[in-house]
Amino acid sequence: MMPWLAQADPRLNMWALPPYSPQLWIAVIATVLVGILLVFGLTFLPTNLRRPIVTVMTFLAGSFYVGLWLWPQPVAKVETDLPRDMVESVGFWFQDAQQALANVANILTAFLLLLGMYSLLRIHLGRISKKHPDRAFSVVLIISMFLIVIFGYADWRMRTFLDPQNLLELKTNWTIWNHGRDILFDGLLMQMDAAMFSLIAFFILSAAFRAFRIRSVEATVMMVSALILIISLMPLVIYQSEMLIKAWFPNPSPGSFNPENYKIGTIAGWVKSNLQTPSLRAVEFGVGLGALAMGLRLWLGLEKGGVSV
Amino acid sequence: MRRKQNFWDEIQFIDRRWLYLVLGVFLVLGLNLKCAVSNVCAEEGKDFYATVMKVPEGGTVLIQSDWTTSTRGESQGHLESLLRILMTKRVKFLIYTFADPQAPQVWRNVIRVINEERESQNLPVYRPWVDYIDVGYFANAEGSSIAVRNDIRRFFSRQVKDDKGINRSIFESPVMTKINKVGDADLFVIVTASATLDVAVQRLSDRVNMAAMVTGVIGPTALTFYQSGQLKGVAIGLKGVYDTEYMMANGLNTPGPDGKIVVEYDRSEAPVPKITEGKTLARGASYIVALHFALGLVIFAVVVGNIAMFASRAANKGGKRR
Amino acid sequence: MNLVTIDFIKLTLGVLATIGLYSVLYQETKIYRFFEHVFLGLAAGYALVAVWTETLYVNWWSRMFGSFAEDGTTMAEPGRWAYAILLPIGLMAYFVFSKKNNWMSRIPIGIILGMWAGQQVFIWWNTYGPQINATMQPLVPTTWDTWFVPYMVGMEPAQAAEIRANIHLSQAITNFIFLLTFLSAFSYFLFSFELKGKFMLGFNRMGRWFLMIGFGAIFGSTVMARFALAIDRLSFIFVEWAQAASRFFG
């Protein structure tokens with residue numbers, strides 16, 4: 001028997017080893033190596049077996065969530081709860097496994113996000129090596145990228161490992177690494193992010209002026225709907241219309257005609273609730289049905305352009 | 001041969017940069033015009049405020065903050081007003097994102113700024129571990145939301161620094177002690193600029209009371225969830241920020257200094273109180289005049305664009321349409 | 001350097017970057033392209049840091065290697081070595097650049113998409129069940145005392161409660177319009193094949209108009225959203241930076 005299994009801590013077993021212990025390092029490195037060998041082995045796989053492998057992996061990942069939905073689930077399970085029968089045992093297993101699967105999904109998605117950055121780096125390094133006329137901009141991009149990686153990582157390391165008393169919560173205790181991260185992130189990245197997206201405001205005004213024209217019934221209906229909504233977003237206009245209605249009908253008696261219905265805000269609210277909401281719901285409904293159909297096709301491996309090979 | 005342009009043609013095909021300049025000037029003017037703007041709050045916004053104010057003192061709220069500064073003009077005002085309400089009511093919160101790796105640093109900056117503001121007003125600041133827990137970013141929104149639905153304790157189970165700098169399980173924190181399932185939270189608020197609203201509603205709305213603070217782009221979709229009761233209230237866009245701040249300053253069904261109710265609320269006879277400490281009118285109030293100018297300009301642009309089109313057509317009757 | 005100076009430098013850099021990006025409104029210049037590439041580099045670089053610090057370190061590395069308590073020797077969490085297998089699986093995605101083996105990148109993508117696909121069955125009903133329920137509103141009036149809901153301020157609570165409990169003609173018509181809007185827009189969205197018959201064609205056309213109403217709402221709301229962003233930028237320059245400058249110059 002392996003020696004670390006003999007330890008007294010009940011949390012330790014074959015799958016859970018002491019933190020940063022030599023045996024854990026060996027297990028991790030061995031797992032990665034075995035994984036790399038498997039990946040290497042897959043490169044020799046015959047072409048006709050590739051599609052079934054991808055389809056089976058997709059089907060298994062999807063089947064878990066279908067099973068999770070169909071099988072009765074425990075509510076607010078705590079660690080001391082024990083299953084009473086087979087149904088509960090499977091329900092408990094589903095719930096425990098879902099937590100692990102959610103972690104797996106988070107980790108794999110994170111690796112996929114890194115792919116985007118790798119791709120960007122690849123393109124710009126390629127531009128520099130091929131002496132593209134715009135290579136100076138690629139250099140700028142790579143320098144910016146590395147600067148924020150260095151300062152961002154240093155800032156995180158200080159806060160996570162070197163600041164047990166949370167002193168860095170106060171700006172007065174910051175070092176050059178914290179200020180560097182703040183200038184790059186808050187001073188530049190955040191402001192540019194906001195600036196980039198705000199440019200659309202200028203384009204939208206130009207588009208409204210040039211393209212929002214009464215050319216058909218549909219265009220007119222759309223314009224009227226948009227204008228009603230835009231007016232309902234101007235508090236002063238709605239407020240003044242309320243004052244006007246109040247001046248025209250100063251003291252309505254209970255049980256009589258209700259002047260409130262004729263305020264611009266109420267009319268805009270009615271249009272929003274009874275015309276805009278159901279029409280958007282119809283769109284959402286259609287999209288939902290499409291997503292359901294696409295989900296089933298992906299899960300069952302019927303989607304040709306999706307994950308199939 | 002190209003025909004001669006008349007006045008309306010010139011207007012129709014004006015250089016777009018003039019439009020940009022006019023918009024810029026209007027916005028700067030609007031920002032510098034300081035005046036109190038009377039408001040009529042949207043119904044969904046009133047429900048949002050009433051729902052947040054219903055959370056008992058010392059209760060716990062889950063905040064999914066999925067925005068970054070690309071929508072700072074709306075979402076920062078949303079998160080600021082939400083935090084101001086929660087801090088005034090001493091409500092604790094767990095904050096996380098399922099959307100963007102930048103989002104955690106963005107809300108950390110917002111919390112720091114609000115804490116600095118409260119400190120300058122001699123109000124208690126919010127401390128990590130004691131008053132709130134920050135669990136950061138999770139890359140896969142769909143799987144993570146289902147994990148929160150199934151077993152919130154297992155999903156968020158991790159070690160974080162307590163107020164003395166010692167690593168402890170987050171469920172030992174005063175913020176999380178009563179949370180065994182997601183429904184134990186008094187409210188779930190999602191502050192978002194993206195379709196993570198759909199992901200959250202689809203997976204959690206039948207387990208916990210949900211409210212949302214969304215950008216104008218997501219607003220129409222949010223209203224479909226609000227109409228069906230899946231969201232208890234929604235604050236939409238910059239108008240939603242101003243509505244929330246206005247209700248923070250005036251309450252609902254609450255008499256003002258002259259004895260008159262400033263914001264009426266049909267859904268309840270009982271008043272929903274205003275916020276009595278710290279800032280109430282803030283970002284929304286300082287942006288709302290500029291929003292009026294900008295929206296007015298759009299209406300004007302659409303009307304002039306159409307008049308120019310018809311006038312140009314009439315003037316060139318018989319000529320080739322451009 | 002004191003905090004006021006650092007703050008001023010930080011905000012000034014932000015203002016310069018904002019103006020640099022706004023220069024594209026005049027025309028695309030090298031200044032714009034410079035800031036555009038700074039932005040892309042910073043965004044990609046920060047995402048790289050954050051993916052590690054916010055997700056991979058906490059959810060992968062810490063679980064794989066476990067953690068110690070404050071004394072540095074007592075175990076807080078054991079290490080679970082099986083998490084290591086995710087590294088080669090995740091790296092398979094990088095075969096997307098390989099001509100021969102790019103099929104392998106579909107394995108991790110397939111796992112993620114498979115999970116999403118499996119969830120669709122469950123979430124469809126959870127999303128649309130309450131919405132179908134909310135769409136089916138009463139269409140028949142329950143009172144003919146008045147056609148519209150009367151003015152209720154100052155009314156006896158019991159009388160007001162009775163009025164609220166009833167469906168008036170105006171509400172029934174409103175509910176009918178809601179249902180009609182939904183059904184016609186849905187039919188236009190769903191039945192994209194050629195329709196025959198006056199009724200169906202008319203119903204379809206009506207659906208198209210109602211969809212336009214929805215799109216108009218989206219446009220109106222989007223206009224507010226975009227202007228809010230521009231207002232925020234100009235506020236950053238003319239209010240936040242101006243305040244920092246006045247602090248800096250005393």
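Residues numbered from 1 in each chain as written. Chains lettered and ligands numbered in written order. Predicted model: local features only at pLDDT ≥ 70, side-chain atom pairs only at ≥ 80, totals over all residues. Heavy atoms only, no water.

Residue-level account of the domain arrangement of chain C, with values.
Split by domain assignment, chain C resolves into domain 1 (1-63), domain 2 (91-133) and domain 3 (137-250). One C-alpha centre belongs to domain 2 of chain C, the other to domain 3 of chain C; they are set 34 Å apart. (Domains from an automatic or database assignment.)

Help me get a handle on a nonpolar patch on the surface, residues and values and all.
Where nonpolar side chains cluster on the molecular surface, the patch consists of Leu244, Trp248, Phe249, Phe257 and Tyr262 of chain A together with Trp144, Trp147 and Phe148 of chain C and spans about 1,000 Å² of accessible area. Residue position: phenylalanine 249 of chain A is located in the loop between α7 (235-248) and α8 (264-299). By relative accessible area, phenylalanine 249 of chain A is classed as partly exposed at 34%. (Patch = residues over 30% accessible without salt bridge, like charges linked within 9 Å, V, L, I, M, F, W, Y side chains within 5 Å. Areas by Shrake-Rupley, 256 points an atom, 1.4 Å probe, with all protein chains shown as cover. Salt bridge = Lys/Arg side-chain N within 4 Å of Asp/Glu carboxyl O. Helix = DSSP H or I, 4+ residues; strand = E, 2+ residues; numbered from the N terminus. Buried < 20%, exposed > 50% of the residue type's maximum accessible area, 1.4 Å probe, protein only.)

Which residues make up the environment of alanine 193 of chain B, and what values go with them?
All names here are of chain B. Along the chain, alanine 193 falls in the loop between β6 (187-192) and α7 (196-204). Once the C-alpha coordinates of alanine 193 and glutamate 80 are considered, the two residues, 113 residues apart in sequence, prove to be 15 Å apart. Not counting chain neighbours up to four residues away, the residues in contact with alanine 193 comprise Thr71, Ser75, Thr215 and Ile218. (Contact = heavy atoms within 4.5 Å.)

Give a detailed account of the packing of helix α5 (residues 176-211) of chain A against helix α2 (residues 16-32) of chain B, specifying residues and quantitative values.
The geometry of α5 of chain A relative to α2 of chain B is characterised by a closest axis approach of 9 Å and an angle of 120 degrees between their N-to-C directions. Here α5 of chain A is positioned oblique relative to α2 of chain B, judged by the angle of their axes. Crossing of α5 of chain A against α2 of chain B: the hand is right-handed. In this structure, α5 of chain A uses Ala201, Phe202, Phe203, Leu205, Ser206, Phe209 and Arg210 of chain A to contact α2 of chain B, whose residues at the interface are Arg16, Leu19, Tyr20, Leu23 and Gly24 of chain B. Looking at the contact of α5 of chain A with α2 of chain B residue by residue, the class counts come to eight nonpolar, two polar and two charged. (Axes fitted to C-alpha atoms, helices over the stretch in contact; angles between N-to-C directions. Parallel < 35°, antiparallel > 145°, perpendicular 65-115°, else oblique. Left-handed = near helix turned anticlockwise from the far one by under 90°. Nonpolar A, V, L, I, M, F, W, Y, C, P; charged D, E, K, R; others polar.)

Talk me through unusual backbone geometry; I want residue IDs and the actual numbers.
Keep in mind that most residues, glycine aside, have a negative phi and that most peptide bonds are trans. Residues and elements named next belong to chain B. The backbone phi angle of asparagine 122 is positive, close to 60 degrees, even though this residue is not glycine. For asparagine 253, which is not a glycine, the phi torsion comes out positive at approximately 55 degrees. Inspection of the secondary structure puts asparagine 253 in the loop between α9 (237-250) and α10 (283-315).

Which residues make up the interface of chain C and chain A, and what values go with them?
Contact residues are listed per partner, giving 132 residues for chain C and 140 residues for chain A. Taken together, the two surfaces of chain C and chain A that pack against each other cover about 12,900 Å², and 80% of this comes from carbon and sulfur. Note that aspartate 134 of chain A and arginine 33 of chain C form a salt bridge whose closest N and O atoms lie 2.9 Å from each other. Here the residues of the side of chain C that touches chain A are counted per class, giving 91 nonpolar, 28 polar and 13 charged. Judged from the two bridges that link them, strand β1 (residues 16-17) of chain A and strand β3 (residues 79-80) of chain C form a sheet pairing that is antiparallel. Opposite alanine 16 of chain A, over in β3 of chain C, you have arginine 80 of chain C as the bridge partner. (Buried area = accessible area lost by both parts, 1.4 Å probe. Pairing = 2+ DSSP bridges.)

Mind laying out the packing of α8 of chain A against helix α4 (residues 106-135) of chain C, listing which residues take part and the relevant values?
For the pair α8 of chain A and α4 of chain C, the least separation of the axes is 8 Å and the interaxial angle reads 150 degrees. Here α8 of chain A lies roughly antiparallel to α4 of chain C, going by the angle between them. Crossing of α8 of chain A over α4 of chain C shows left-handed handedness. For the pair α8 of chain A and α4 of chain C, the contacting residues are Arg281, Glu284, Phe285, Gly288, Leu289, Ala291, Leu292, Met294, Gly295, Leu296, Leu298 and Trp299 of chain A in the first and Leu113, Trp116, Ala117, Gln120, Val121, Trp124, Tyr128, Gln131, Ile132, Ala134 and Thr135 of chain C in the second. Residue composition of the contact of α8 of chain A with α4 of chain C, by class: 16 nonpolar, five polar and two charged.

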